[in-house]
Amino acid sequence: MDRFDIVIVGAGHAGCEAALACARMGQRTLLLTLNLDAIALMPCNPAIGGTGKGHLVREIDALGGEMGRAIDDTFIQSRMLNTGKGPAVHSLRAQADKRAYQQRMKKALFAEPNLEVRQGECGSILTEAGAVTGVLTTTGAQIACRAVVVCSGVYMDSRIIIGECSWQGGPQGLLSSSHLAGALHGLGISLRRFKTGTPPRVDEASIDFDEMEPQPGDGTITPFSFLTDGPMANRAQCYLTYTNEETHRIIRENIHRAPMYAGTIHGTGARYCPSIEDKIMRFADKDRHQLFLEPEGLDTNEWYVQGLSTSMPEDVQIAMLHTIPGLRRARVLRLAYAIEYECIDPLQLRADLSLRAVRGLYFAGQINGTSGYEEAGAQGILAGINAARFVQGRESIILGRDQAYIGVLVDDLTTKGTNEPYRMMTSRCEYRLLLRQDNADLRLTEIGHAVGLASDARVERMRQKRADTAEAIARLKKTWLPKSEARDAWLAARGQAEAAGSICAADLLRRPGMAYADLAGIDPGFLPLPPAVREQVDISLRYEGYIDKERRQVEAFRRAEEQLLPQGFDYMTLDGLRIEARQKLTAHQPRSLGEAGRISGVSPGDISVLMVWLEKLARERKPQ
Ligand SMILES: Cc1cc2nc3c(=O)[nH]c(=O)nc-3n(C[C@H](O)[C@H](O)[C@H](O)COP(=O)(O)OP(=O)(O)OC[C@H]3O[C@@H](n4cnc5c(N)ncnc54)[C@H](O)[C@@H]3O)c2cc1C
């Protein structure tokens, strides 16, 4: 019998990060997946990042993960989104060459010592006395291991739906996984059915690009990875077009044939990724909807029609396409479709992504009810780290809502749960001015290094950035620019108000429109700084007041998180709590008062009861 420390089920975006994390932390790891040609497949949009999602990719990178480096090596266009707003919501988004991205990730997997990659279907998880002992493949192989991370994505009992047609199958004509859902159910794990959808792919040769608005990438490109140096260039362009009344008429006239409206789709879809028929019906007042044409890669004719996700019948898909400027003679290479699949209820998981009911069993990615490559990768790296620490007999790593978007994501899933595919957004994060994408390394690389995942080179680079930033800010706070004609002319040239006396250079950078680079002409001690350090200096000074305010909020949050609750306690016996709270607390066993407060159905009144009870416990423990 084959024997490994850890088995990862599924080589999607979650499985790849989990497998690399386990192997890099020294565990003998097997990555078992349905199809080697579908490793790191992007079955939907050919892009990594976006609002909130870019933060997750940078956090994966800061911990020592692979996604950020893989997209830096294979991107074809990059844009920083929301630059008109504050740095808390600046988010990177890069168009990927899908095939190149897969190849790049495969290369990293096959080059990793301690990691074996194998094609095969996991049929069930083997357990003994409530703990994992191995997996059984559908071809009869029994593989022994001490921990399993299930990252089966959208494949469990998945069904493809296009109009009146539907069949058991995975994305892009791949097989679905047909045994694992039943096996998980057999372990007492509750499952539910979600759905997602994707738009058609059309042939480049049949697109009229001059009828659409070019959407070029940024002039100066910011990499996703904190380790990426060197020039980066856009190699492709996207295009913007719109639906119109004619498109909407075709959809309305055929809405009875839309599976979502005909009742042939049972899975719950994502509110934030609606199908075009959903948009037409929900926003009937809108006379047009944006569509972006995105190339799927440099060596392919396939173009992705972002915004036209649908499960309408084939004839309707083609008819609606041919009403859209730029697509009037479009040839469909792949039809749009919806996919339904089984996933688990994440309320069954702890904050380290382990299942409460079975020791050594972890879940990551779409199977936990999320949607998105980035959300999957984020859970994958955390589950991988914790599966490795489980095997090492070490404590789990829990990332708090005050430390990382990954912490917000996992805490939302495991304390609030989700009734539809969960997508990360900056609005989900309370402390987004502290948890920016530009400082993910300052927040997380020490943790990645401490667990043996982030390299020495990476942590050295981060420490240098931190030291350079602190040194520059300290110098600026001690630098005074005395009143002079030259100084006031310099201020006037930048539309800045004059000042009676000396000005502190740090105060200058707190003014809107001022940046460190501007000081070159007036600051006697000016030193050129690397872009990443300059960015930290500018943000830390301009938003100092807000950052301090958020830090105080985090202190209050941490105080509640540090008030730990006993594990395995029967809250049904605790008087003063409402019934619903007793049931939810007993089932969920929150780690802390803070976590208890985030469970839906636990009221502030219940929290007060818990606080009084904790004080009583503390008094009883005190030696008389
Ligand atoms: C049609 C479609 C549309 C989508 N639309 C969007 C969207 O609009 N926005 C968005 O953010 N995301 C979208 N997604 C979701 C996105 O693709 C996923 O979020 C992401 O790929 C999830 O990553 P994952 O690693 O969890 O799972 P996947 O990427 O699904 O990978 C799962 C892996 O597990 C393997 N596997 C499954 N079962 C087994 C088994 N029993 N044994 C061995 N291997 C197994 C599979 O072969 C696969 O490699 C869409 C996905 C699809 C299919």
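The structure this text deals with has already been given above.
Residues numbered from 1 in each chain as written. Predicted model: local features only at pLDDT ≥ 70, side-chain atom pairs only at ≥ 80, totals over all residues. Heavy atoms only, no water.

Caption draft 1: Representation of the overall build of the protein. Along the backbone of the protein there are 20 helices and 24 strands. Its C-alpha atoms give the protein a radius of gyration of 26 Å, near enough to 25 Å, the size a compact globule of 624 residues would have. Residues counted as buried form 56% of the 624 residues belonging to the protein. Across the protein, the fraction of contacts at a sequence separation of at least 24, relative to all contacts at a separation of at least 6, is 72%. On the protein, roughly 25300 Å² of surface is accessible, and the fraction owed to carbon and sulfur atoms is 53%. A distance of 3 Å separates the average location of the 75 positive side-chain charges in the protein from that of its 77 negative side-chain charges. (Helix = DSSP H or I, 4+ residues; strand = E, 2+ residues; numbered from the N terminus. Rg over C-alpha atoms; globule rule 2.2 N^0.38 Å. Buried < 20%, exposed > 50% of the residue type's maximum accessible area, 1.4 Å probe, protein only. Contact = heavy atoms within 4.5 Å. Areas by Shrake-Rupley, 256 points an atom, 1.4 Å probe, with all protein chains shown as cover. Lys, Arg positive; Asp, Glu negative; His and termini not counted. Charge placed at Lys NZ, Arg CZ, Asp CG, Glu CD.)

Caption draft 2: Seen up close, the nonpolar core. In terms of nonpolar packing, the biggest core is built from 104 residues, with Ile125, Val148, Val149, Leu361 and Phe363 touching the most fellow members. No other element matches the 10 residues that helix 10 (residues 373-392) contributes to this core. In this view, Val148 contacts Val7, Val9, Ile125, Val132, Gly134, Val135, Gly360, Leu361 and Tyr362; residues no more than four positions away in its chain are not counted. Counting residues in hydrophobic clusters, the runner-up holds 22 residues, among them Ile276, Leu291, Val316 and Met320. (Core = buried A, V, L, I, M, F, W, Y, C linked by side-chain atoms within 4.5 Å.)

Caption draft 3: Up close: the sheet that holds strand 5 (residues 75-81). The strand order across the open sheet built from 3 strands is 4-6-5, with neighbouring strands paired in antiparallel fashion. Both edges of this open sheet fall to strand 4 (47-49) and strand 5, since each of them pairs with a single strand only. Each neighbouring strand pair of the sheet contributes to a mean axis angle of 20 degrees, computed without reference to strand direction. Where strand 4 and strand 6 (residues 91-96) come together, 3 bridges link them in antiparallel fashion. Counted as the bridge partner of Ile48 is Ala94 from strand 6. (Pairing = 2+ DSSP bridges. Axes fitted to C-alpha atoms, helices over the stretch in contact; angles between N-to-C directions.)

Caption draft 4: Local environment of empty space enclosed by the protein. Applying the stated criterion across every chain yields a total of 2 cavities of 30 Å³ or more. By volume, the largest cavity is sized at about 40 Å³. Considering the residues around the largest cavity, the lining is formed by Ile71, Asp72, Phe75, Ser78, Leu92, Ala94, Ile221, Thr222, Pro223, Phe224 and Met232. The residue makeup of the lining of the largest cavity, split by class, is 8 nonpolar, 2 polar and 1 charged. Here the second largest cavity is characterised by a volume of approximately 30 Å³. Surrounding the second largest cavity, Lys195, Gly197, Met260, Ser275, Glu277, Ser309, Thr310, Ser311 and Ala338 form its lining. (1 Å grid on protein atoms, 1.4 Å probe; cavity = no way out; pocket = protein on both sides within 12 Å on 5 of 7 lines; lining within 4 Å. Points joined across faces, edges and corners; volume = space filled by probe spheres on them. Nonpolar A, V, L, I, M, F, W, Y, C, P; charged D, E, K, R; others polar.)

Caption draft 5: Structural detail: the layout of surface pockets. In this structure, the second largest pocket encloses a volume near 1100 Å³. Surrounding the second largest pocket, 39 residues form its lining, Thr222, Pro223, Pro531, Ala532 and Glu535 being those nearest its centre. Counting only elements with at least two residues in the lining of the second largest pocket, the list comes to helix 12 (440-450), helix 13 (456-478) and helix 16 (531-542). With 8 residues, helix 16 is the single largest residue contributor to the lining of the second largest pocket. Class assignment of the residues belonging to the lining of the second largest pocket gives a composition of 14 nonpolar, 11 polar and 14 charged.

Caption draft 6: The packing of helix 10 against helix 11 (residues 405-416), seen in detail. At a closest axis distance of 10 Å, the pairing of helix 10 and helix 11 adopts a crossing angle of 90 degrees. Between helix 10 and helix 11, the interaxial angle falls into the category roughly perpendicular. Where helix 10 approaches helix 11, its residues Glu375, Ala378, Gln379 and Leu382 are matched on the opposing element by Ile406, Leu409, Val410 and Leu413. Tallied by class, residues from the contact of helix 10 with helix 11 come to 6 nonpolar, 1 polar and 1 charged. (Parallel < 35°, antiparallel > 145°, perpendicular 65-115°, else oblique.)

Caption draft 7: Examining the side chain of Ser275 more closely. Assignment of secondary structure puts Ser275 in the loop between helix 7 (259-262) and helix 8 (276-282). With near-sequence residues (within four places) excluded, Ser275 lies in contact with Ser309 and Thr310.

Caption draft 8: Expanded view of the pairing of strand 9 (residues 131-137). Among the 7 residues in strand 9, 5 count as buried, and that is most of the element. Connecting strand 8 (residues 122-128) to the next strand, strand 9, in antiparallel fashion are 2 residues, including Ala129 with a positive phi near 50 degrees. Sheet topology note: the strand 9/strand 10 (residues 142-144) ladder contains 3 bridges and is antiparallel. Within strand 10, the position partnered with Leu136 by the bridge is Gln142.

Caption draft 9: Inspection of the sheet that holds strand 8 at higher detail. Here 4 strands make up an open sheet; going across it, the order is 1-10-9-8 and the pairing mixed. Edge positions in the open sheet fall to strand 1 (2-3) and strand 8, since each of these has one partner strand only. Inspection of the sheet shows strand 8 paired to strand 9 by 6 bridges, in the antiparallel sense. Bridging across to strand 9, Leu126 finds its partner in Gly134.

Caption draft 10: Spatial organisation of the site of the ligand. Near the ligand, the surroundings consist of 35 residues, among which His13, Ala14, Cys122, Gln366 and Gly372 are the closest. In this structure, an oxygen atom belonging to the ligand sits 3.4 Å away from a main-chain N or O atom of Cys151. If the ligand stood free it would expose 990 Å²; the protein chains cover 97% of that surface. Of all the elements in the fold, those that place two or more residues in the shell around the ligand are helix 1 (13-24), strand 3 (29-33), strand 14 (191-198), strand 21 (337-344) and helix 10. For the shell around the ligand, the element with the most residues is strand 14, which contributes 3 residues. (Near = heavy atom within 4 Å. Polar contact = N/O pair within 3.5 Å; in protein donor to acceptor, adjacent residues only side chain to side chain.)

Caption draft 11: Structural detail: the packing of helix 12 against helix 13. For the pair helix 12 and helix 13, interaxial distance at closest approach is 10 Å and the crossing angle is 145 degrees. The way helix 12 lies across helix 13 gives a crossing that is left-handed. Counting all contacts with helix 12, which are made through Asp441, Leu442, Thr445, Glu446 and His449, the residues of helix 13 involved are Asp456, Arg458, Val459, Met462, Arg463, Lys465 and Arg466. Among the residues making up the contact of helix 12 with helix 13, the classes are represented as 3 nonpolar, 2 polar and 7 charged. (Left-handed = near helix turned anticlockwise from the far one by under 90°.)

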